Structure formats: structure tokens, C-alpha cells
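Letter by letter, the chains look like this.
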Amino acid sequence: MTTTSHASAGYRYATYRATGLWNDERIGDLVPSRAKRHPGRELFCFEGRRVTYGEFDGWTRTVAADLVRRGVRRGDRVLVQLPNSLEALVMQVAAFRIGAVDVPVVPIYRQHEMRRILEDCRPAAIATAAELSSRRPVEEIDGLLAELGLNPAVRYVVGGERDGWEQVPPGPEETDVELPEPLSAEEPALLLYTSGTTSAPKGALLSSRALFAHMRNFQEVLEAGEHTVTLAATPLSHLGGFVAGVIFPAFLGGRSVIMRGWQPDEAVSLIEQERVSLMMGATVFLSDLVDRYEKGLAPSHRLPVYACAGAAIPPPLVDRAAQVGVSAFRAYGMTETAGVCAAAERHDPLDRRRAWDGRILRGMEIQVVDGERRPLPPGTVGELRIRGPQLLSGYTDPELTVTQIDEEGWFYPGDVGVVDDQGWVQMTGRSKDIINRGGEKFSTMDIELAIASHPDVESVAVTAVPDARLGEAVGAWLALRSGVEWRGPEQLIAHLEQAKLAKQKIPTHWHVVSDIPRSATGKIQKHRLAEIEDLES
């Protein structure tokens, strides 16, 4: 890094501190400090069980002590792959309390994805489910650990039993175990795996100061406070769900209502009964709520504010939401920015909220650059780059860090868009080839490689296709080997199931074509796929 870059970074960091976006607050102190302030206040409600700040604080301390007693040390990684449950929250907060790195992983991932994640993060502790639908995640993890030669200090199982696995302590207990100090504000405390342009998940490291900078900015945009009641319906083993379920409510001194899974009719009832004032997530949740509000459901209280991020939101849906009393707005962000880095506000004009992805948040910088990474004038479409107090510390792969973050601290997410002279951002596409299905991002290369391994397939291209409910779905275009007759996708679906590919990655739109379009250099031209006629089955 050049001397100029060092000086520039020092000035930026001083500005972050001077404006209050950065301080020395540690994420491991968040719940204990709030519990000390108001121990009897309700923190969250989950399936009718109401948990106060004090009760949750006591439980997380008990689990933290159990981790330490079993050999987990400061700086170790604690992997949590659980469906929505109280244990999914307590394990992650307990990791923060002992200075361990929290590694939440969405439960849809199976052996295909988990092999790479386990090999990369090498956790000292793991918490997973005994059963998940027809799967046995605990057995899947055991098999992978043996294959990789990994032996964590402790393995926790939820919802069943298995030899060699422990139960998560069920509640607050007296303990004399001395807990290590939480990680400092600048140390990475959260490790999240996000899909990119390659098949391997990327491990993004976030510090306490990045997380708190995001929460301070988000609080301002939302005008949120102790009065805020948040509905959390996304996976708690995902940044969005974990923040909505416990981190943001605790930061505010407010409370959350947590759902085990998305059930639209139940959500309508919970919003009305609990007087929910905020929800954030992907397009699918807002679409389902608006559908039901248009039918006249929930006459006494409807969700007033919905922050939509993680998937494309059609402008007409924002219009429909406004007509039923929901102030919906788009936001732009990603794992690497600890959440959203641009967002509209509920009182912004409808034409802005429906067509733009928000105004750049305080302290954040978003520029549009050309192919040589030179800044372009406002209103010009180009590649987006981001810098600011919410940015990730780096990736677990040092080479990837160097590739995506330059010497001046700019992060290049691979998105294409425009920034106007008022600081409003509009993403127009992605140079990365990923699919954003209801907020979950998948690598198309990952899916293509799995399909191409079937002996009937000559070549394949996978891309996003529009979906009214989820924003995007998975579409596959196939050229079959000579002599193979297409009898429908069932055989390929079974092949992907056998490969243990996450079910959400399995294509729902199948097209058999004579040839996959390519450029003169052999690169697949995915923009031409929709123009190709399917062969007759």
C-alpha cells in the first residue's frame, strides 16, 4: 500500500470515529450491557415463548461457560448451522461473549457446500440439527469431519441425540467458569460464507465496528428505537436473520418476534397481535403480505415499514404496498458491507422508493467507475465500488482479499449501476454471474458443474430467470449428448439430489436446446439464452 493510501485510510478512520460510526464497543458486550440496563424487558418472542434481556443474558453466559469448559478458546471459530430456534441465537451470542468467531451457516447447505466451509474455517465447536425434514445434518457433518480429519473440541446437537454430540445447556445455570474477554472492536468477530462467481463459498470476516456502524446507520434511516418491534422470518443462521432476530433489537433496546419459518398467514396474525413495526428481507415476504392485505386481512394493524434488500423488488410491488398502507423501500447491500450501505427512508417520494435502491448511508462511499477503475460522472452507468466504516475486514482467502479490495480500500462487488448527483444508487445488473433467489445467492458455476457431471449432458448454462414471488429462480439450458432422448428433468433432478446440492439450487426451469450460444472465444453468451427455441420433447 502506498504512503498516500495510508494517509487517506488514516483520515477516513479518524472521520469514522469523529462522527460516532466507530468506537470501541464490542459485539460480545452487547447483550450483557443491555441486560444490565433493563433485565426485565422482553427481548424476543418465539412461538409464544417470551424471553427477557436478563433471561437471555443468563442463558448465553451458561452456554459460553460450557464452550470454555469443553476447550473452546478466544479466537476459535464456532460454526452454527441450525434452523430457526432459540439455540441458533444463544450459540452465536455465546461465541461473541468468549471472544470466539461466530460462523453462522444457512441450514439448506448440504455436504456439497459444507465440505468446503468446514475445510476453510476448521471450527473448534459445531452446533447442528439432528433432523431437518428428511435429512440428518448431524450425520452429514460427522461424515465430513471424518473425511477432512477434523476433530472439534465440542459438537452440539439440537432436536435429538447422537454419540459424541452434546446437548446445548437448556437455560441459565450457576457457573464459576471465568470467560475470556470478547474480541476487540477491530478484530473480526463474524465469519459469513457467501457465494460468488466461483463454485467455492467465500468466507467474509466482519468486525464489531463494521456491525455497529451498520446498526447506527440503519437506526437513523428507519427512525428506530426502543419502541421498534421487528419481525424476523429469515434464517437466524444468516446475517439478515441474526441481525433482525437479536442483534438490532438489542442494539435498540427494542424487541423482536421470531418465526420458525415463513408462513404468510401466520405472519399477518403475528404482525397484528404483536404490533410489529418493522420487517426487513427479500421480495417474497413483502409480496405475500401485500397479497393478503389486498384481501382485507388484518384490519386493526398492518406492517407499517418494510425494508427490502437481498433480491430485486418490482416497482409495481412498491406501489401495491403503498395502497395497502405499507411503506416499502428498496435498499442496497451485501454481506461484505455488514448489511445495507444504501437505503431509502419511509417518507421519501414513492417514485424514488420504487425505482432506486436507496441513498448512500452516512460515512459510506459508492462510486461508479469504468473498466480502468476511473470514476465516472454522476448518472453514468458503470461498475460500482464501495468504501466505508461498514466494510469487511477481508476474506479468509488472502488472494481474494487482494483481488476484491484495492490499495485505497475500495471494494469491488461486481455490481453494475448508477449513482446520481444526490447520492441515490440504482443497481442495474451484476458482472458476477450469481442467482439471487429470495435473498439467497447461488453461484451459477456451482450448479453448472453439478449438472455437467451427468453423462447425458453435453453442455449446460445456468442463469437467473424472473420469478414474481422470489425475484429470481434457477433456469438451466441443456445441450444433450448425441443419441440421448429428453424425457423430462426428473433424472437430472435425482442426479443433483444424489450430489447433495442444496434443494434451492436445483433448477425449476429446464430448456433443452440444440447448442449453447458461445462467442468467438468460446465464452457462453448467457444473454442470448432466452432467445433460443427449445427442442421438441
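Rules and cut-offs
Residues numbered from 1 in each chain as written. Predicted model: local features only at pLDDT ≥ 70, side-chain atom pairs only at ≥ 80, totals over all residues. Heavy atoms only, no water. Helix = DSSP H or I, 4+ residues; strand = E, 2+ residues; numbered from the N terminus. Rg over C-alpha atoms; globule rule 2.2 N^0.38 Å. Buried < 20%, exposed > 50% of the residue type's maximum accessible area, 1.4 Å probe, protein only. Areas by Shrake-Rupley, 256 points an atom, 1.4 Å probe, with all protein chains shown as cover. Lys, Arg positive; Asp, Glu negative; His and termini not counted. Charge placed at Lys NZ, Arg CZ, Asp CG, Glu CD. Expected span 1.5 Å × (residues − 1). Contact = heavy atoms within 4.5 Å. Pairing = 2+ DSSP bridges. Core = buried A, V, L, I, M, F, W, Y, C linked by side-chain atoms within 4.5 Å.

Novice: Whenever I open this one, the overall build of the chain confuses me. Can you help?
Specialist: Looking only at helices and strands, the chain features 15 helices and 26 strands. Relative to its length of 537 residues, the chain is compact, with a C-alpha radius of gyration of 23 Å against a globular reference of 24 Å. Projecting the C-alpha coordinates of the chain onto the three principal axes gives extents of approximately 70 × 60 × 60 Å. Within the chain, the fraction of its 537 residues that count as buried is 59%. Carbon and sulfur atoms make up 48% of the accessible area of the chain, which totals about 22,000 Å². Each charge class in the chain can be summarised by its mean position, and for the 59 positive and 73 negative side chains these summaries are 2 Å apart.

Novice: Hey, could you run me through helix α10 (residues 283-294) in this one?
Specialist: It helps to recall that an α-helix has 3.6 residues per turn; residues three or four apart then point in one direction. Between its first and last C-alpha, α10 extends 16 Å over 12 residues, near the 16 Å set by a 1.5 Å rise per residue. Within α10, 10 of the 12 residues are buried, leaving the element largely enclosed by the surrounding structure. If you check which residues of α10 are buried, you get T283, V284, F285, L286, S287, D288, L289, V290, R292 and Y293. Buried residues belonging to α10 abut α9 (264-274), β12 (278-281), β13 (305-308), α11 (315-323) and β14 (327-334). Positive backbone phi, approximately 90°, marks G296, located one or two places after α10.

Novice: Sorry if this is basic, but what is going on with the sheet that holds strand β15 (residues 339-343) here?
Specialist: Sheet strands associate in pairs through backbone hydrogen bonding, adopting either a parallel or an antiparallel arrangement. Taking strand neighbours across the sheet as the criterion, the 9 strands line up as β2-β1-β11-β10-β12-β13-β14-β15-β16 in an open arrangement whose pairing is mixed. Of all strands in the sheet, those bounded by a partner on one side alone are β2 (49-52) and β16 (359-360). As paired strands, β13 and β14 are joined by 4 bridges and run parallel to one another. Bridge pairing in β14 places A307 opposite F329.

Novice: Even after reading the chapter, I still don't get the nonpolar core, so can you show me in this structure?
Specialist: Generally speaking, a soluble globular protein has its nonpolar side chains buried in company with each other. One finds F56, L67, F248 and I451 to be the most contacted residues of the largest nonpolar core, which totals 140 residues. No other element matches the 10 residues that helix α8 (residues 239-252) contributes to this core. Ignoring anything within four residues of it in the chain, the contact list for F56 reads V31, L43, F44, V51, L89, V90, V93 and V246. Core analysis: the next-biggest nonpolar cluster, separate from the first, contains 31 residues, I271, F285, L286 and A298 among them.

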